[in-house]
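# An overview of the molecular structure
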Amino acid sequence: MNTLFNKTFIDKSILNALTNNRYLSKTKSFAMTNLVIAAVVLSGCGGSSSDSSSGNSVTPDNSLPINTCEISSGLTLVTTSSNLSFNVEQTYTAGQSATILASVENTDSAGLTYEWQQTSGPVLSLVSKNSPVLSFIIPESGEYSFSVNVSGNQTNLTESVSINANASINQLNINSDHQVVEGNGVSLRVERINDLIVDDIEWCYFSNQAVELDLTNPERPLFTAPNVNSDSIIGLKATGQFAGETLSDEVFVLVTNESTISSPYFDQPVARTYSYKDSSKYAANASNCVYSNQLNQTCNIADLPLVGQVANSENVQSVMDRVVVSHDWMGENFETFLTQADPNSDFIKLLQSVTAVVISYDVRPSFYWVATGAIYLDPEYLWFTPEQRDSINEAPDYRSDFGNDLQFIMPWRYVKDNDYAYSRIDRAVRQTRTLEDITPNLASLLYHELAHANDFFPRSIHNTLTGPTLIDDFYRRTDDNALVSDQLKNVDPLTSSEMYGLAGVSFQGETANNTQKAYLPNDVTSFFLTDHANDFYAYSSTREDAAMLFEESFMSHRYQIQRDVAVTDPTELIVDWGQRGRIGSPELLDRAAFVIDQIMPEEDGKTLLNNLPEPINMTAGQDWYDNLGISPSSHSLSKVSSLNTTDNTTERRPVQIGREHRDMPIPKR
């Protein structure tokens, strides 16, 4: 045995009402360096994930070098009779995060497939069973055994390894060990002890690779994985004070060497992903065509058609054949949702207009991109267990100060039974969720993102697409003003120049002029109510106008979940005007019905909308929170989420404004 390292190492789119900090998403640099971009820019949006951490986001300082650890345990190399070996921790303890790393001698892990299985010991939750890094939490002391098969690149090896876990002791716990590609973001988290914060947390490293951390939040350090010439293990150690004791723990991150980025579409590092269904005929094309640093040109429709262009595809299996994941649990949970929480097959129908579904630990925020025809889902919407959540990168989607010069905001929320329709779990709390818990947020996200996909390529035109790529068909349709959102302007266009201008400031970073800076909430109310939008974000683009109408209609229709929207001041959140269920307003009927009829023709838009509850006005002069309980008790329905929450009539949740969004460029025709 050899010892390694033993010598050294606002929901999203939120505004915090108490501090008046406004955060809107900053576009991640996809395809912004090399790709020739047409004048048209497409906005891909994501819903706000209400269970994300709501702490103030600030631009991180990644230039904080940390010291080399004076003492460390490191990993121990365990060899086998083949070229496959393991790195194991010197000590395993019950109640702690643990890891085992598998490697093939003189071979990087790129191009290899890993399949881990537990063969003995108390049952573990293995959320990284397709990674070279097997990470898990040990429930109790005892012996645990595992086998791993490593295949690919003319390799096919299977070996076993066993570990012994000691009884639990007082110790820090860092969640969690994992693999990350070079240049990608990394997050770690020190687990709280009995829900109490560990004091005076300090970090050091004991690998051969120096590390610089963003310690804005020492409980959750962030760093960018360094470039490496071969797969390299980074070891980090946290030390803190709790109840008069000095406690510590170590964590290991495998940074993998990857091929040089050649894609003009994904020109920043993206996680390793693979087809969730390896038996799918699209297994190879799906990942290569929609989430790859080697994607040099958009794929032809013949190689990866829309789901609905294939015969007999309106079923869960056909959709799952197009799912691309970084971890198996993401596909498993998505399949559970489609199987058990889509009784009307809304999402199966809407998913006919995508080429693939990408769910990866580094996707944030969610978006749809016409360049690939895929939707990209933040797995924060899908986790059921704390172990699953541990595998999601927490690197924040940093907000900018768009709109800080304005004297109003327009917050929104989804409600049911005079309560938030969703429950929020801070990242520091280790709690499980049920299917009912994730449904409200995931459903609203999918209705929104899939409205974009069906705006561009509704099912009614699938047999008319001629390609060779979706981009070609996109331009043919936009040239003819044939998109659903284009035609919506002919039905009943939004006309408020003031609201369009303010949306440019709030959502696109334009500079507010003196007139806009002077607008008070009552001015904005007058602008908004003379038009026919259901939300302020509808003014960010015609595409968002259509998506917002569709999303709110179906959240109310299918789940009896209604959307609140209001105009308030930015500090005290006093409502000047507000409404619950605005989508039920008669003045919005023609616009919303048109979108529904085009995107979901199985439903009659006007009938659907006429059966929605009438809007309820908020009480002007009261604050946003006191207006939560405005629905008559006779309208009360049971909550969707099963999670326990506090009394939300007094809970000061961070408010949501706009939509977290990513503007994705359209390749030049």
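What you see is a predicted model; the values in this text were computed from it and never measured. (Residues numbered from 1 in each chain as written. Predicted model: local features only at pLDDT ≥ 70, side-chain atom pairs only at ≥ 80, totals over all residues. Heavy atoms only, no water.)

Right, let's get into the confidence of the model for the chain. Summing up the model confidence of the chain, the mean pLDDT is 88 and the portion of residues at 70 or higher is 86%. Here residues 46-60 is a poorly scored stretch, pLDDT under 50, and it has 60 contacts once near neighbours within four places are set aside; other chains count. (pLDDT = per-residue confidence, 0-100. Contact = heavy atoms within 4.5 Å.)

With respect to the element layout, S97 can be found in strand β11 (residues 97-104). Under the relative-accessibility criterion, S97 is labelled buried at 8%. Within the structure, the side chain of S97 is placed 2.6 Å from the side chain of N175, a separation counted as a polar contact. Aside from chain neighbours lying at most four places away, what touches S97 is E89, F136, I137, N173, I174, N175 and D177. (Helix = DSSP H or I, 4+ residues; strand = E, 2+ residues; numbered from the N terminus. Buried < 20%, exposed > 50% of the residue type's maximum accessible area, 1.4 Å probe, protein only. Polar contact = N/O pair within 3.5 Å; in protein donor to acceptor, adjacent residues only side chain to side chain.)

As a further point, take the pairing of strand β33 (residues 562-568). Burial analysis of β33 places 7 of its 7 residues in the buried class, the great majority of the element. Because side chains alternate across β33, one face comprises the buried residues Q562, D564, A566 and T568, and the other comprises R563, V565 and V567, equally buried. Strand direction decides the pairing type here: strand β31 (residues 411-416) and β33, joined by 4 bridges, are antiparallel. Considered in β33, the bridge of W412 is made with V565. (Pairing = 2+ DSSP bridges.)

Note on terminology: disulfide describes a covalent bond linking the sulfur atoms of two cysteines. Enumeration over the complete set of coordinates arrives at 2 disulfides. Paired through a disulfide, C69 and C204 show a sulfur-sulfur distance of 2.0 Å. Judged by the sign of its S-S torsion, about 100 degrees, the cystine formed by C69 and C204 is right-handed. One end of the pair, C69, is in the loop between β7 (67-68) and β8 (75-78); the other, C204, is in strand β20 (residues 199-205), with 135 residues separating them in the sequence. Assessed through its relative accessible area of 5%, C69 is described here as buried. (Disulfide = S-S within 2.5 Å.)

Next up on the list: the packing of aromatic side chains. A complete count under the given rule lists 25 aromatic pairs for this structure. Between the aromatic rings of F266 and Y291, the centroid separation amounts to 5.5 Å while the plane-to-plane angle is 80 degrees, which identifies the pairing as edge-to-face. Of this pair, F266 sits in the loop between β24 (245-256) and β25 (274-275) while Y291 sits in the loop between α1 (283-290) and α2 (316-320); the two residues are 25 residues apart in sequence, bridging distant segments of the chain. Judged by its relative accessible area of 0%, F266 is buried. Taking the relative accessible area as the measure of exposure, Y291 reaches 3% and is therefore buried. Note on F456 and F474: the rings are 5.7 Å apart at their centroids and 75 degrees apart in plane angle, and the pair reads as edge-to-face. Of this pair, F456 sits in helix α6 (residues 435-456) while F474 is found in helix α7 (residues 470-479), placing the two residues 18 residues apart along the sequence. Neither residue differs from the other here; F456 and F474 are each classed as buried. Pairwise contacts between aromatic rings join Y265, F266, Y291, F367, W369 and Y376 into one cluster. (Phe/Tyr/Trp six-rings, centres within 6.5 Å; stacked < 30°, edge-to-face > 60°.)

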